[in-house]
Amino acid sequence: MLIHPERWKSLRGRYEQDRPHRMLALDGGGIRGLLTLGILQQIEKLVADRTNLKLCEYFDYIAGTSTGAIIAAGLARGMTTSDLVDFYTSCGKQMFEASWLLERIKYLYTADPLKAKLQDVFGRDTNLEPDNLKCLLLAVTKNITTDSPWPISSNPDARYNDPGRRDCNLKIPLWQLVRASTAAPVYFPPEVLQWDPNDPSKTFVFVDGGVTPYNNPAFLLCRMATEPAYRLNWKKGEDKLLIVSVGTGAAESLGATAGSPNKNIVSTVAGLPGGLMYGIQVDQDVNCRTVGRCTFGAPLDREILDLVPRQLEEGMTLEQQYAAPAVPLSTNLGRNFLYARYNADLSSTGLRNIGFPNLDAANIQKMDAVENIPTLIEIGRAAGQRVDAAHFGPFI
């Protein structure tokens, strides 16, 4: 039940209904957001074929971190995946290529073409108020002034979204919030946002949400939808809540060995940010698969496999366990939500398995290789072939 129905404006009729809810969470990952879009194209088609709804109409709450925030904001505004592919194709160089760093610094105090493009796509004066969005939106950024993650939600009932507050979150321009969430260290200067125009102390500096524990925002999204403190109070349950999580590709990085413990120490240190992001992504994924009920996802490791509940028998080998049929969704296991995780394995083996045997895995894994744009879309579409209506259970 809505706390302040009048604040929801054009979204009131949709959200005051007591019904099951569907949520979408999108990882960070630079230009590899195009891989996310390739997978989303398959979800978009499935949803349209089964329900005749757009993604912003099917999903009630869409969350994104970094590049995922760009996609989440676009979808929440009513854009299609094709619209967003066009945006990435035209602006990928300005957003992600390392050589643009000096250009971005030059434009910091002059006319920034990326700023103009974001304003053009999302609207210069568009903020997070309900009339500007087709569904609820959550964007993750990091406030380095306070050294804390800041997940900004458009939930009109949230404490800091009270329209009576001079520092109301809903007044922040959408384009600027997206830019803050994607302000990756090294690539972009930090984004400065003045929350209260009359109080300089409410001015904060923001960087990419990918450097928070929520580069994969799925578990955070669940918490902000169900915990009473966030004032949305959606009901938990396998038949009441669906979370679909989409990644930007993943691959383990092999480091030093016992025989050569100090080998490649420079490259190991250089790879720490990517390694941390990978670990965070997996940890959030595991949280969702254990608290929720996983209907689909890649194996996590050889001990816990994919955590899809299966009909197991004593004495089964590892291979037999993984091949065992899933417990039917008609059997309610009492989990907090239904959960499906879609991603692509960007290792050499993973790429070969989905039809790309000749690609350089190390190059494809880069987050700033804009020359990979067409290939990333195709990898995403190939990974998206595993999207199945059965993973959505009673929600489609």
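Residues numbered from 1 in each chain as written. Predicted model: local features only at pLDDT ≥ 70, side-chain atom pairs only at ≥ 80, totals over all residues. Heavy atoms only, no water.

Colleague: Break down the overall build of the protein for me, citing the residues and quoting the values.
Modeller: Scanning the protein from N- to C-terminus turns up 15 helices and nine strands. The 396 residues of the protein split such that 51% are buried. Excluding contacts between residues fewer than 6 apart, the proportion of contacts in the protein whose partners are at least 24 apart in sequence is 73%. (Helix = DSSP H or I, 4+ residues; strand = E, 2+ residues; numbered from the N terminus. Buried < 20%, exposed > 50% of the residue type's maximum accessible area, 1.4 Å probe, protein only. Contact = heavy atoms within 4.5 Å.)

Colleague: Run through the packing of helix 4 (residues 67–76) against helix 8 (residues 174–181), naming residues and quoting values.
Modeller: In contact at an axis separation of 7 Å, helix 4 and helix 8 are set at 155° when each is read in the N-to-C sense. Classed by the angle they form, the pair helix 4 and helix 8 counts as roughly antiparallel. Taken as a pair, helix 4 and helix 8 cross one another with a handedness that is right-handed. On helix 8, the residues that touch Ala69, Ile70 and Ala73 of helix 4 are Leu174, Val178 and Ser181. Here the residues of the contact of helix 4 with helix 8 sort into five nonpolar, one polar and no charged. (Axes fitted to C-alpha atoms, helices over the stretch in contact; angles between N-to-C directions. Parallel < 35°, antiparallel > 145°, perpendicular 65-115°, else oblique. Left-handed = near helix turned anticlockwise from the far one by under 90°. Nonpolar A, V, L, I, M, F, W, Y, C, P; charged D, E, K, R; others polar.)

Colleague: Report on the pairing of strand 1 (residues 21–26), specifying residues and quantitative values.
Modeller: By the criterion of burial, strand 1 is predominantly enclosed, with six of the six residues buried. Residue alternation in strand 1 divides its side chains into two sets, His21, Met23 and Ala25 and Arg22, Leu24 and Leu26, and both sets are buried. Direction of pairing for strand 1 relative to strand 7 (residues 241–246): parallel, over a ladder of six bridges. Its bridge partner lying in strand 7, arginine 22 is registered against leucine 242. Bridge count for strand 1 against strand 2 (residues 61–65) is four bridges, and the pairing is parallel. Paired with leucine 24 across the two strands is isoleucine 62, which belongs to strand 2. (Pairing = 2+ DSSP bridges.)

Colleague: So, the pattern of salt bridges: which residues are in play, and what are the values?
Modeller: One pass over the structure, following the stated rule, counts 20 salt bridges. Close ionic contact of aspartate 18 with lysine 235 constitutes a salt bridge, the shortest N to O distance being 3.3 Å. Of the two residues, aspartate 18 is situated in the loop between helix 1 (12–15) and strand 1 and lysine 235 in the loop between helix 9 (218–226) and strand 7; the sequence distance between them amounts to 217 residues. Notably, a salt bridge pairs aspartate 60 with arginine 19, separated by 2.7 Å at the nearest N-O pair. One end of the pair, aspartate 60, is in the loop between helix 3 (55–58) and strand 2; the other, arginine 19, is in the loop between helix 1 and strand 1, with 41 residues separating them in the sequence. Here arginine 19 falls in the partly exposed class, since its relative accessible area comes to 22%. (Salt bridge = Lys/Arg side-chain N within 4 Å of Asp/Glu carboxyl O.)

Colleague: Explain the packing of aromatic side chains to me, using residue names and the numbers behind them.
Modeller: Taken as a whole, this structure holds 13 aromatic pairs when the rule is applied. Plain terms: the ring middles of tryptophan 150 and phenylalanine 206 are 5.5 Å apart, the flat faces sit at 70° to each other, and that makes the pair edge-to-face. With tryptophan 150 in strand 4 (residues 148–153) and phenylalanine 206 in strand 6 (residues 203–208), this pair connects stretches of sequence that are 56 residues apart. On the basis of an interplanar angle of 65° and a centroid distance of 6.4 Å, the ring pair of tryptophan 195 and phenylalanine 204 is categorised as edge-to-face. One exposure class covers both tryptophan 195 and phenylalanine 204, and it is buried. Taken together, the aromatic side chains of Trp8, Tyr15, Tyr61 and Trp234 make up a single cluster linked through ring pairs. For arginine 310, the ring lying beneath its charged end belongs to tyrosine 322, and the centroid distance is 5.2 Å. (Phe/Tyr/Trp six-rings, centres within 6.5 Å; stacked < 30°, edge-to-face > 60°. Lys NZ or Arg CZ within 6 Å of the ring centre and 35° of its normal.)

Colleague: Give a detailed account of the packing of helix 4 against helix 5 (residues 81–96), specifying residues and quantitative values.
Modeller: Their axes nearest at 12 Å, the elements helix 4 and helix 5 cross at an angle of 145°. Crossing geometry of helix 4 relative to helix 5 is assigned as right-handed. Contacts between helix 4 and helix 5 involve Thr67, Ile70, Ile71, Gly74 and Leu75 from the former and Leu84, Phe87, Tyr88, Met95 and Phe96 from the latter. Class assignment of the residues belonging to the contact of helix 4 with helix 5 gives a composition of eight nonpolar, two polar and no charged.

Colleague: Before we move on, could you go through the side chain of glutamate 129 and cite the residues and values that matter?
Modeller: Mapping glutamate 129 onto the fold places it in the loop between helix 7 (113–122) and strand 3 (136–143). Contacts of glutamate 129, omitting those with residues within four sequence positions, involve Lys9, Leu170 and Lys171.

Colleague: Outline unusual backbone geometry, supporting the account with residue identities and numerical values.
Modeller: In this structure, aspartate 147 takes a positive phi of about 55° despite not being glycine. One can find aspartate 147 in the loop between strand 3 and strand 4. The phi dihedral of asparagine 233 is positive, around 60°, even though this residue is not glycine. Structurally, the position occupied by asparagine 233 is in the loop between helix 9 and strand 7. With relative accessibility at 35%, the residue asparagine 233 sits in the partly exposed group.

Colleague: How would you sum up helix 5? Please name residues and give values.
Modeller: Counted at 1.5 Å a residue, the expected span for helix 5 with its 16 residues is 22 Å, but the 19 Å between its end C-alpha atoms falls short. Residues of helix 5 that are buried include every one of Thr81, Leu84, Val85, Phe87, Tyr88, Cys91, Gly92, Gln94, Met95 and Phe96, and no others. (Expected span 1.5 Å × (residues − 1).)

Colleague: Tell me about the environment of isoleucine 172, residues and numbers included.
Modeller: Take isoleucine 172: it is sitting in the loop between strand 4 and helix 8. The residues contacting isoleucine 172, other than those within four sequence positions of it, are Thr126, Asn127, Leu128, Leu177, Leu193 and Trp195.

Colleague: Tell me about the confidence of the model for the protein, residues and numbers included.
Modeller: When pLDDT drops low, the exact placement of atoms in the prediction is not to be read closely. Looking at the protein, pLDDT values average 88 and 88% of them are 70 or higher. Here residues 265–272 is modelled with pLDDT under 50, and outside its nearest four sequence neighbours on either side it reaches one contact, counting other chains as well. (pLDDT = per-residue confidence, 0-100.)

Colleague: Any details on the environment of glutamine 94? Residues and values, ideally.
Modeller: When you line up the elements, glutamine 94 lands in helix 5. A C-alpha to C-alpha distance of 6.5 Å links glutamine 94 and leucine 114, two positions 20 residues apart in sequence.

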